[in-house]
Amino acid sequence: QRFVANYDEAKVPEFNLPNPLVLPEGGMVASAREWEEKGRPATLKLIEREMYGRMPVGKPAGFKVVLDREALDVLGGKATRREYLVSFAQDKGPRVRMLLYLPKEAKGPVPAFLGLNFRGNQCLEKDSWITPELGFIVGARKGEDRRAKAEAMRGSAAGRWPVEMILEQGFALATACCGNIDPDFHDGWKNGVHPLFTEGEPGPDEWGTISAWAWGLSRLLDALEGVKEVNAQQVAVIGHSRLGKTSLWAGATDQRFKLVISNNSGCGGAALSKRAFGETVGRINRSFPHWFNGNFKKYNEREEALPFDQHQLIALMAPRAVYVASATGDRWADPVGEFLSVLHAQPVYDLYRKGALGVAEPPAPGETVGMVTGYHLREGKHDVTPEDWKHYLSFFQ
Ligand code: GTR
């Protein structure tokens, strides 16, 4: 049966959002300490079990980082560019090529943005120095000439990664292709990092692809911890769309991330599932059965039965900074639902007396609201643009 998305506010079902301060087993969290001891672990476990799936804990024994290449004078002499090879079981299994830009003028370790990309590092710049991605990329077609495709895509994501603007403001930037961690298609979890740590098919509570990508982001943060020019205590994790869902889950599961940015992450990301506006749980699980775990399929067309919603995912960032961005033309991702998640995470931030959004309704396009939790709505389509980055850069100062 054909899926018809609802875009009518009047047809949003009535729903009750769980209070993020109520513990799943009953009782209420009343202080930051109780949140840390009981609320946070219980909420994390619930969302992990019912949605993204359990991932391996911490840095694996065979974790290895090698500096492979370095270019000392790039972007008109303003930056250094490096490529690191990161592997998880010595030289077995997937190997991630992390591209890192460092500003040249820095006086000490610099804060950094870390985010996965869809189609390879060479999409960030036209420069032929960057190693082309010949492994799996999002949107890959069977039988196509990978090298020709990779070359054709050089610089194609330059608008999504305004490298100069980021570097000029004193930040480092690290990225890697998500397909290096786990290819974005369903093959019963035989590819990517899953078989390194899970024998056979993962159970219904275990990790899908979004968890694998999030786990990979934590490993890239491990790698950044070993780079002396980077202040690994000041790393913002950023992602767009499916990779925005991923940056949120990475920020929730790894408290080392100082700022967590979701760009147009939509359903399964910042948007409230219970609104069923635009993309829904049933639709996303049918189109992308590998993104979430087996348990999440129980909620197809049954959002009301979900024992949590995405505002509780946002609350898992507290008291750290979290920023959500929507676009007016991206109704599929439900901009209102993305705003409401941030708004309804506030009771947890209140325990820390941390700044609220300061508004109860979505702001006008172009305006940033909030200090510790932040939000903006950009005019335009589903994308990441230099305008979005302007908001992120000033929020991270
Ligand atoms: C869409 C999907 C969205 C979003 C997007 C993307 O097809 O329905 O949830 O993740 O892909 O990642 O580009």
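Residues numbered from 1 in each chain as written. Predicted model: local features only at pLDDT ≥ 70, side-chain atom pairs only at ≥ 80, totals over all residues. Heavy atoms only, no water.

Participant: Could you clarify how one ought to interpret the sheet that holds strand E4 (residues 110-117) in this entry?
Facilitator: Strands in a sheet are paired, the pairing made by backbone hydrogen bonds, and the direction either parallel or antiparallel. The 10 strands lie next to each other as E1-E2-E3-E5-E4-E6-E7-E8-E10-E9, forming an open sheet whose pairing is mixed. The open sheet terminates on both sides in strands that have one partner only, identified here as strand E1 (64-74) and strand E9 (368-369). Strand direction decides the pairing type here: E1 and strand E2 (residues 79-89), joined by 8 bridges, are antiparallel. Residue pairing in the sheet places Leu67 in a bridge with Tyr84 of E2. Each of E4, strand E6 (230-240), strand E7 (259-263) and strand E8 (321-327) touches helix H6 (residues 242-253); the most contacted strand, E6, lies at about 140 degrees to it. (Pairing = 2+ DSSP bridges. Helix = DSSP H or I, 4+ residues; strand = E, 2+ residues; numbered from the N terminus. Contact = heavy atoms within 4.5 Å. Axes fitted to C-alpha atoms, helices over the stretch in contact; angles between N-to-C directions.)

Participant: Looking at this structure, how should I read the packing of helix H5 (residues 209-225) against H6?
Facilitator: For any two helices packed against each other, the geometry comes down to the angle between their axes and how far apart the axes lie. Running from amino to carboxyl end, H5 crosses H6 at an angle of 60 degrees, the nearest separation of the two axes being 8 Å. In terms of orientation, H5 and H6 fall into the oblique class. For the pair H5 and H6, the crossing hand works out as right-handed. Residue-level inspection shows Ile210, Ser211, Trp213, Ala214 and Leu217 of H5 in contact with H6, the latter providing Arg242, Leu243, Lys245, Thr246, Ser247, Trp249 and Ala250. Of the residues contributing to the contact of H5 with H6, the split by class is 7 nonpolar, 3 polar and 2 charged. (Parallel < 35°, antiparallel > 145°, perpendicular 65-115°, else oblique. Left-handed = near helix turned anticlockwise from the far one by under 90°. Nonpolar A, V, L, I, M, F, W, Y, C, P; charged D, E, K, R; others polar.)

Participant: Teacher, can you tell me more about the site of the ligand here?
Facilitator: As a structural note, the neighbourhood of the ligand is formed by Ser241, Arg242, Lys245, Glu279, Ile284, Phe288, Trp291, Trp332 and His382. A distance of 2.5 Å separates an oxygen atom of the ligand from a polar side-chain atom of Glu279. Considered class by class, the residues forming the shell around the ligand number 4 nonpolar, 2 polar and 3 charged. (Near = heavy atom within 4 Å. Polar contact = N/O pair within 3.5 Å; in protein donor to acceptor, adjacent residues only side chain to side chain.)

Participant: I'm lost on the packing of aromatic side chains in this one. Help?
Facilitator: Each aromatic ring pair is specified by the distance between its two centres and by the angle formed by the two planes. Taken as a whole, this structure holds 21 aromatic pairs when the rule is applied. When the ring of Phe113 is compared with that of Trp389, the centres are 5.0 Å apart and the planes differ by 70 degrees; the resulting orientation is edge-to-face. Here Trp389 lies in helix H11 (residues 386-395) and Phe113 lies in strand E4, a separation of 276 residues in the sequence. With respect to burial, Phe113 and Trp389 carry one shared label: buried. Here a set of aromatic residues connected by ring pairs shows up, and it is made of Phe113, Trp161, Phe171, Tyr323, Trp389, Tyr392, Phe395 and Phe396. For the cation-ring pair, Arg69 lies above Trp129, with the distance from its terminal atom to the ring centre recorded as 4.1 Å. Seen from the ring of Phe118, Arg160 lies directly overhead, with NZ or CZ sitting 5.7 Å from the centre. (Phe/Tyr/Trp six-rings, centres within 6.5 Å; stacked < 30°, edge-to-face > 60°. Buried < 20%, exposed > 50% of the residue type's maximum accessible area, 1.4 Å probe, protein only. Lys NZ or Arg CZ within 6 Å of the ring centre and 35° of its normal.)

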